[in-house]
Amino acid sequence: MNQIDYTVSGNLAVITMKNPPVNGLGYELRRSICDGVQKAISDPSIRAIVLTGGGRAFSGGADIREFNTPKAVAEPTLLSVIRLIESSPKPVIAAVHSVAMGGGLELAMGCHYRVASPGAQIALPEVKLGVLPGAGGTQRLPRLVGLEMGLNMIVSGQTVLSERLAATRLFDQIVEGDLVTAAKAFARKAVDEGKGLPRVRDIRIEHPDAQALLQFARNTVGLVARNFPAPMKCIEAVAAAVDKPFDEAMRFERALFLELVQTPESKALRHAFFGERAASKIPDIPEDTPLREIRSAAVIGAGTMGGGIAMNFANAGIPVIVLEAKADALDKGIATIRANYENTAKKGRISPEDVATRMGLIRQTLSYDDIASADIVIEAVFEDMAVKEQVFRKLDQIMKPGAILATNTSTLNVDRIAAFTSRPQDVIGTHFFSPANVMKLLEVVRGAKTAKDVLATTMQLAKKLRKTGVVSGVCDGFIGNRMVEQYIRQAGFMLEEGALPQQVDRAIEKFGFAMGPFRMSDLAGNDVGWYIRKRRYQEQPDMKYPRIADLICEKGRFGQKTGAGFYRYETGRRDAMADPVVEQMIVDHRASIGLKPRKLSDDEIVHRLVFALVNEGAKILEEGIALRASDIDMVYLTGYGFPVHRGGPMLYADLYGLYNVAARMNEFARNPHGDPGFWTPAPLLARLVETGKGFNG
Ligand SMILES: NC(=O)c1ccc[n+]([C@@H]2O[C@H](COP(=O)([O-])OP(=O)(O)OC[C@H]3O[C@@H](n4cnc5c(N)ncnc54)[C@H](O)[C@@H]3O)[C@@H](O)[C@H]2O)c1
């Protein structure tokens, strides 16, 4: 299929790439470019070639739809396209606008000249996917923009606007007005003046002390990118641009690229990149489902969550009205929001005008009449079914027809809440995470009767609020908290068996978690889990629970807010300090249940915690609570501080090998104390082991 427009203008050929949305350099486009260039070369009336992109980009780089397919590596590869262009006997002029990223920028750098519009986004972002530019980017960019700028751009992957690069050799001209007209004028002049066929590969990198700069980069990057190999390899590839002949350095770049593609870190980053996109796709809901319009919102409850949720709307420019039961709670809630914004402004992250604009978008009320016309209402009142019932019965009476009625409940049954209304099709769960104005995750809970357009609209809203929306079915704890309960249970068993909170936390933090289970619990408030456990003891009397968390709560040690929990805290400080009182409590408890402590290795701690997530995740997947394994990983990456370089629990399990995962679970099951029944590999996991597959295919 032809993916270029080829037009002739006097003695010039203009090749316009045509692969929407961003002219991704897929197989068809690469072939089409080659065909176009060959045609121009063999046409004696043509003296120069202008290469540009149609639509919204020059080129956004590799076509992500082609990733992991044979087409991605089929000839002509991008390297071959660039080789053809660079060796063309007729000058090729890239006309760059809007976006030239990754392979798109490498393509432009393979041309003899480049003319650009201002405002074009220029980047080599490959490092963000754990790889490096593999078609000469690390060799050509430093030659064109200088060693320091080139290094910075490649190691960080950051975007730079074309006008900021105007003084470099990357662009021969930055032009206002019609780009292709200007590029054609440039091409004619180049031909008329016999400017020749300059090749970027022939430029020497000039720098007064290249080796010192490279060493400085190695030292700095070594400190900040410990979990990721790609940034350091980027430096090595750029160093080769300084030290080695071009062709040898190109082979070196290629070798590093192929090495990086195979690393678990790159697999994890690519998994998260695609996982984010996949999460917004719902198999039984077509992408063109008409959406309901969200022009205004209401939030019920101005507590911890309600305030943060209201801020999300204001940040997105959507007017929001906050309703409270009592005036003092309302005042306090709004004051907290203002203080939050003012703090952010003090840190320079938003301007004082932003504070005013956002506060201007937040109204407050004590009366339901004022919220009736909102397009969506999110309830964030106490976690108590009776209170939820009262609120939803009221919402059913007063909200305009078609309004979306959302609940932020973290544990209650969304279908039961929907049943309090005469319009369960309009009811949905929006489970924000604390602090709601900061955390990226939004679990969108699809009730049995939730209408498709309500779900699609809420997922779209998640994007507007700059959240990662992940669909969850109705179950206790939804995806994230249902899994974390098993993780916390294992953490508790390990205290009984011989570990201390600080040892468990340190082991999993070394694995890469932002915070171990006990520090996390102290931060969230130990009473939250205690409240849920008390309910569990009634509902599931057979489920085995470790007891130390209850003993901690019985002493009023609710965590940071009470100055003590699994750790102790000094007034005004958040550092978790090991507490001999807790150690003694644990020792006494072990004695009271007759358990002789043993030493647990960090490896056992990490894998009991992570595989507890995995086994419950497998059940969640099989039950259809999560649509796909990568959705579970997105929940953990964006809401639970799971290390990004490991890609989430399900990908970690895949890379560990599910056969090995099941073997470890069977080993854990032999420990009579860690709830052996739990460790029977979930049926889905067992089946995948049988067939040699992974959760992610
Ligand atoms: N705190 C968290 O980390 C977290 C995380 C996710 C979800 N949630 C859920 O969010 C909801 C709110 O939790 P929170 O932590 O913000 O609680 P909170 O106690 O901080 O706030 C609840 C607010 O609701 C108000 N309220 C109570 N009844 C009301 C009524 N009938 N009408 C209007 N306002 C009323 C209260 O005055 C209070 O300000 C709960 O369902 C909770 O499970 C909490």
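Preceding this section is the structure that the text describes.
Residues numbered from 1 in each chain as written. Predicted model: local features only at pLDDT ≥ 70, side-chain atom pairs only at ≥ 80, totals over all residues. Heavy atoms only, no water.

S.K.: Go over the overall build of the protein chain, please, and point to the residues and values.
M.R.: Summing up its helical and strand segments, the protein chain has 27 helices and 17 strands in all. Whereas a compact globule of 697 residues would reach a radius of gyration of roughly 26 Å, the protein chain reaches 29 Å, a difference of no more than 12%. Principal-axis analysis of the C-alpha atoms gives the protein chain an extent of 90 × 60 × 50 Å. For the protein chain, buried positions account for 55% of its 697 residues. In the form shown here, the protein chain has an accessible surface area of approximately 29,900 Å², with 54% of it arising from carbon and sulfur atoms. In the protein chain, the 86 positive side-chain charges and the 79 negative ones have mean positions that sit 2 Å from each other. (Helix = DSSP H or I, 4+ residues; strand = E, 2+ residues; numbered from the N terminus. Rg over C-alpha atoms; globule rule 2.2 N^0.38 Å. Buried < 20%, exposed > 50% of the residue type's maximum accessible area, 1.4 Å probe, protein only. Areas by Shrake-Rupley, 256 points an atom, 1.4 Å probe, with all protein chains shown as cover. Lys, Arg positive; Asp, Glu negative; His and termini not counted. Charge placed at Lys NZ, Arg CZ, Asp CG, Glu CD.)

S.K.: Can you explain the side chain of Asn19? Please cite residues and give values.
M.R.: Mapped onto the fold, Asn19 is located in the loop between β2 (12-17) and α1 (27-42). A distance of 2.7 Å separates a polar side-chain atom of Asn19 from the backbone oxygen of Gly24. Among the polar contacts listed, one links the side chain of Asn19 to the side chain of Arg65, at a separation of 3.5 Å. Each residue touching Asn19, except ones within four places of it in the same chain, is listed here: Gln3, Gly24, Gly26, Leu29, Asp63 and Arg65. (Polar contact = N/O pair within 3.5 Å; in protein donor to acceptor, adjacent residues only side chain to side chain. Contact = heavy atoms within 4.5 Å.)

S.K.: Could you give an account of the site of the ligand, naming the residues involved and the relevant values?
M.R.: Around the ligand lies a shell of 22 residues, among which Met305, Glu324, Glu383, Lys388 and Ser410 are the nearest. At 3.0 Å, a backbone N or O of Thr304 approaches an oxygen atom of the ligand. In the environment of the ligand, a nitrogen atom lies 3.4 Å from a nitrogen or oxygen atom belonging to the backbone of Ala325. In the complex, the protein chains occlude 78% of the 830 Å² of accessible area that the ligand would expose alone. Of all elements in the fold, only α11 (304-315), α14 (385-398) and β15 (427-432) reach the threshold of two or more residues within the shell around the ligand. Of the residues forming the shell around the ligand, the biggest block, three residues, is contributed by α14. Looking at the shell around the ligand, its residues break down into 11 nonpolar, eight polar and three charged. (Near = heavy atom within 4 Å. Nonpolar A, V, L, I, M, F, W, Y, C, P; charged D, E, K, R; others polar.)

S.K.: Can you lay out the nonpolar core for me, pointing to particular residues and giving the numbers?
M.R.: Ranked by size, the top nonpolar core spans 71 residues in total, and within it Ile33, Leu51, Val96, Leu107 and Ile122 carry the most contacts. Per element, the largest residue contribution to this core is seven residues, and it comes from helix α8 (residues 230-243). Filtering out sequence-adjacent residues up to four positions away, Ile33 remains in contact with Ile4, Ile15, Met17, Leu25, Leu51, Val81, Ile85 and Leu107. (Core = buried A, V, L, I, M, F, W, Y, C linked by side-chain atoms within 4.5 Å.)

S.K.: Please give an account of the pairing of strand β17 (residues 468-472) that cites residues and values.
M.R.: The element β17 is extensively covered by neighbouring structure, given that five of its five residues are classed as buried. Burial along β17 is two-sided: Thr468, Val470 and Ser472 and Gly469 and Val471, pointing in opposite directions, are all buried. In this sheet, β17 lies alongside strand β16 (residues 441-445) in parallel orientation, the contact comprising five bridges. Each residue of the ladder has a partner; that of Glu443, found in β17, is Val470. A crossover links β16 with its parallel partner β17, the connecting element being helix α16 (residues 452-464), and its sense is right-handed. (Pairing = 2+ DSSP bridges. Right-handed = clockwise from strand over helix to strand, strands pointing away.)

S.K.: Outline helix α24 (residues 629-639), listing residues and values.
M.R.: Since one α-helical turn is 3.6 residues long, residues separated by three or four positions face the same way. Within α24, 11 of the 11 residues are buried, leaving the element largely enclosed by the surrounding structure. Check the buried side of α24 and you find it contacts α10 (264-279), β16, β17, α17 (478-497), α23 (602-622) and α25 (649-656). Looking one or two residues beyond α24, the residue adopting positive phi is Gly641, at roughly 70°.

S.K.: Quick rundown of the environment of Lys555? Include the residues and the values.
M.R.: In this structure, Lys555 sits in the loop between α21 (548-554) and α22 (580-592). Since its relative accessible area comes to 58%, Lys555 is described here as exposed. Separated by 10 residues in sequence, Lys555 and Gly565 have C-alpha atoms that sit 9.0 Å apart.

S.K.: Explain the sheet that holds strand β7 (residues 121-123) to me, and be specific about the residues and the numbers.
M.R.: Reading across the sheet, the three strands line up as β5-β7-β8 and stay open at both edges, with mixed pairing between neighbours. Every interior strand has two partners, whereas the edge strands, β5 (99-101) and β8 (160-161), have only one. Where β5 and β7 come together, three bridges link them in parallel fashion. Note on β7: the bridge partner recorded for Val99 is Gln121. Lying over the sheet, helix α3 (residues 103-110) contacts β5 and β7, oriented at roughly 90° with respect to β5. (Axes fitted to C-alpha atoms, helices over the stretch in contact; angles between N-to-C directions.)

S.K.: How would you sum up the sheet that holds β17? Please name residues and give values.
M.R.: Reading across from one edge, β12-β11-β10-β13-β14-β15-β16-β17 is the order of the eight strands in this open sheet, with mixed pairing throughout. The strands lining the two open edges of the sheet, one partner per strand, are β12 (362-365) and β17. Within this sheet the neighbouring strands show an average axis-to-axis angle of 25°, counted without direction. One ladder, built from four bridges, connects strand β10 (residues 297-300) with strand β11 (residues 320-323); its direction is parallel. Bridged to Ala297 within β11 is Val320. Taken strand by strand, helix α13 (residues 352-361) contacts β11 and β12, and its axis lies near 40° from that of β12. This element, α24, spans β16 and β17 of the sheet and lies at about 135° to β17.

S.K.: I'd like a rundown of the packing of aromatic side chains, residues and numbers included.
M.R.: In the structure shown here, the tally under the stated rule is 17 aromatic pairs. Note on Phe511 and Phe642: the rings are 6.0 Å apart at their centroids and 85° apart in plane angle, and the pair reads as edge-to-face. Here Phe642 lies in the loop between α24 and α25 and Phe511 lies in helix α18 (residues 501-511), a separation of 131 residues in the sequence. The exposure classification of Phe511 matches that of Phe642, with both residues buried. Note on Phe611 and Tyr652: the rings are 6.3 Å apart at their centroids and 35° apart in plane angle, and the pair reads as tilted. (Phe/Tyr/Trp six-rings, centres within 6.5 Å; stacked < 30°, edge-to-face > 60°.)

S.K.: Before we move on, can you summarise the environment of Arg188 with the specific residues and values?
M.R.: Tracing the chain through its elements places Arg188 in helix α6 (residues 179-192). Placed 178 residues apart in sequence, Arg188 and Gly10 show a C-alpha to C-alpha distance of 9.6 Å. Discounting residues that sit within four places of it in the chain, Arg188 has contacts with Ser9 and Leu12.

S.K.: If you had to explain the state of the cysteines to someone new, which residues and values would you point to?
M.R.: Should the sulfur atoms of two cysteines be covalently bonded, the bond is a disulfide. Per the stated rule, a full pass over the model turns up zero disulfides. Cysteine Cys111 is unpaired, with the sulfur of Cys34 as its nearest cysteine sulfur at 12 Å. Looking at Cys111, the relative accessible area reads 1%, which means it is buried. (Disulfide = S-S within 2.5 Å.)

S.K.: Lay out unusual backbone geometry with the relevant residues and their values.
M.R.: In this structure, the amide linkage connecting Pro20 to the following residue, Pro21, adopts the cis form with an omega of 5°. Within the fold, Pro21 resides in the loop between β2 and α1. For the bond from Glu75 to Pro76, the omega torsion is 0°, close enough to zero to count as cis. Its place among the elements puts Pro76 in the loop between β3 (48-53) and α2 (78-86). For Ser98, which is not a glycine, the phi torsion comes out positive at approximately 60°. Overall, Ser98 belongs to the partly exposed group, its relative accessible area being 29%. The phi torsion at Arg466 lies on the positive side, around 60°, for a residue other than glycine. Mapped onto the elements, Arg466 comes out in the loop between α16 and β17.

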